[in-house]
Amino acid sequence: MKPSEIINNLEAKHPGEKEYLQAVQEVLESIDAIYNENPQYKTARIIERLVEPDRILTFRVSWVDDTGNVQVNLGYRVQFNNAIGPYKGGIRFHPSVNLSILKFLGFEQIFKNALTTLPMGGAKGGSDFNPKGKSDNEIMRFCQAFMLELWRIIGPNTDVPAGDIGTGGREIGFLYGMYKKLQQENSGVLTGKGLNWGGSLIRPEATGFGATYFTDEMLKYNKDSFKDKIVTISGFGNVAWGVALKVLELGGKVVTISGPDGYIYDEAGLDEEKIEYLLELRASNNDIVSPYAEEYPEAKFFPEKKPWEVPCDIAMPCAIQNELDGSDADQLVKNGVKYVAEVSNMGCTPEAIEVFRKEKIPFAPGKAANAGGVAVSGLEMSQNAMKLNWTIEEVDEKLLRIMKSIHAACMKFGTEEDGFVNYVKGANIAGFIKVADAMLDQGIV
Ligand code: 2IT
């Protein structure tokens, strides 16, 4: 079957799973030529096998809130592909979570993990549980109830979950505590653990640092640098925090952050103190960004708007899928954007990516730009397996090397005749070849 026929079949089989179909479509478009030039892929029906998860676990999560009321949520783990290593990928706790979103994230994770050079397959999990406004005890009871189902199918050499939106160090702690009790083992079954119980230095910063290293590589290829660049970012969570820290260090100026309630414009730029304040804002568990403008009155809050209307040199979406659409991309281009790095998973719609491609604006897709997070998760797994801890310098040096190698892989498969790098194509082809060849080697399973 041709990739276009495969996508038609998938639409018929999984109607309404729009995020999942969007993610598959993007990859299939990029690999069309490679697929047609390599009949062994077609014979082994690699694409048909790759687009369906190996298995999906769906379960009910029941827990009791602080007022004594019984709450019921849905839980999932999508084990997508383990051709190159144990299933690996985060757990998202967010009210929007459904199977389409977790399948898109799991599918993306396969190629992202392949790009890291580390042996990790692709998976994703989560729940429609909304952490906003919940007490620590409620979060703990929910995480424990979630793990009561999940523990059966995970393990340090089988499937290693981690954090994602709504799941940070606190949640990983509660999840790990329950896994350890049920399985009676201390192992690297989760990543993003606390530093004194098996976690890795730099893991909290890794996604943001890695994305900034990747963007720095894009800039260098264009004989440019972060120095004095105006950078707009969205979100104010873990990823946005890491980006803000590293951009500041490299001499750029981050002037926006955002939340579900709107965005903040801080013309002076985020300094160390303001970046530290993001952690406090996040810890308040209210999921709103507006208090920043009360804390720093020189900054302005724009309710229910997106930061892409602010003129910038570099735009780095760090929040959630499809947060930057075609009209946002038009606006950015009109305002003179020079580079875009998608730090959120599938943060840009296909229309937005098409705008950047047409305008020849270097655009880093999430699976390349944000791979530093899972890469340091992979390094955490290595440290756990060896039962030792690397220093900050050791982890950071490995992260930088991995991000440079991902950039090189994108250039290898995505450089066009005029020297312009189509990073979407490059990342998809590089990731696909690695996984497809592993699947070929391992027979029809
Ligand atoms: O989207 C992602 O790559 C993550 N949420 C991190 C996954 C991981 O296993 O560290």
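Provided above is the structure to which this section pertains.
Residues numbered from 1 in each chain as written. Predicted model: local features only at pLDDT ≥ 70, side-chain atom pairs only at ≥ 80, totals over all residues. Heavy atoms only, no water.

1. So, the site of the ligand
Reasoning step 1: Near the ligand, the surroundings consist of 13 residues, among which Lys88, Lys112, Asp164, Arg203 and Ser377 are the closest.
Reasoning step 2: Lys88 places a polar side-chain atom, nitrogen or oxygen, 2.7 Å from an oxygen atom of the ligand.
Reasoning step 3: A distance of 2.9 Å separates an oxygen atom of the ligand from a polar side-chain atom of Arg203.
Reasoning step 4: For the ligand, the protein covers 94% of the area, taking 300 Å² as the surface of the free molecule.
Reasoning step 5: Where the shell around the ligand is concerned, the elements lending two or more residues are β3 (87-93), α5 (99-115) and α15 (371-386).
Reasoning step 6: No other element matches the three residues that β3 contributes to the shell around the ligand.
Reasoning step 7: Class assignment for the residues of the shell around the ligand results in two nonpolar, six polar and five charged. (Near = heavy atom within 4 Å. Polar contact = N/O pair within 3.5 Å; in protein donor to acceptor, adjacent residues only side chain to side chain. Areas by Shrake-Rupley, 256 points an atom, 1.4 Å probe, with all protein chains shown as cover. Helix = DSSP H or I, 4+ residues; strand = E, 2+ residues; numbered from the N terminus. Nonpolar A, V, L, I, M, F, W, Y, C, P; charged D, E, K, R; others polar.)

2. A closer look at the side chain of Asp65
Reasoning step 1: Position of Asp65 among the secondary structure elements: in the loop between β1 (55-64) and β2 (70-81).
Reasoning step 2: Among buried Asp, Glu, Lys and Arg side chains, Asp65 stands out as unpaired, with Arg141 the closest opposite charge at 6.2 Å.
Reasoning step 3: Each residue touching Asp65, except ones within four places of it in the same chain, is listed here: Gln71, Glu138 and Arg141. (Buried < 20%, exposed > 50% of the residue type's maximum accessible area, 1.4 Å probe, protein only. Lys, Arg positive; Asp, Glu negative; His and termini not counted. Salt bridge = Lys/Arg side-chain N within 4 Å of Asp/Glu carboxyl O. Contact = heavy atoms within 4.5 Å.)

3. Thoughts on helix α17 (residues 423-441)
Reasoning step 1: With 19 residues, α17 should cover 27 Å at 1.5 Å per step; its first-to-last C-alpha distance of 27 Å lies within 8% of that length.
Reasoning step 2: Counted residue by residue, α17 has 14 buried out of 19 residues, so it is predominantly covered.
Reasoning step 3: The N-cap residue of α17 is Asn422: its side-chain oxygen and the backbone nitrogen of Val424 are 3.2 Å apart.
Reasoning step 4: Directly after α17, the chain includes Gly443, whose backbone phi takes a positive value near 80°. (Expected span 1.5 Å × (residues − 1).)

4. What to know about the packing of aromatic side chains
Reasoning step 1: What the rule picks out here adds up to 20 aromatic pairs.
Reasoning step 2: Relative to Phe129, the ring of Trp63 lies with its centre 5.4 Å away and its plane at 80°, an arrangement referred to as edge-to-face. Linking Trp63 in strand β1 with Phe129 in the loop between β4 (122-127) and α6 (136-150), this pair joins segments that are 66 residues apart in sequence.
Reasoning step 3: Here Phe129 and Phe142 contribute two aromatic rings whose centre-to-centre distance is 3.8 Å and whose plane-to-plane angle is 5°, an arrangement assigned as stacked. Placement of the pair is Phe129 in the loop between β4 and α6 and Phe142 in helix α6, with a sequence separation of 13 residues.
Reasoning step 4: Through a chain of ring-to-ring contacts, three or more aromatic side chains come together here, namely Phe59, Trp63, Phe93, Phe129, Phe142 and Phe146.
Reasoning step 5: Directly above the aromatic system of Phe209 lies the positively charged group of Lys246, at a separation of 4.4 Å from the ring centroid. (Phe/Tyr/Trp six-rings, centres within 6.5 Å; stacked < 30°, edge-to-face > 60°. Lys NZ or Arg CZ within 6 Å of the ring centre and 35° of its normal.)

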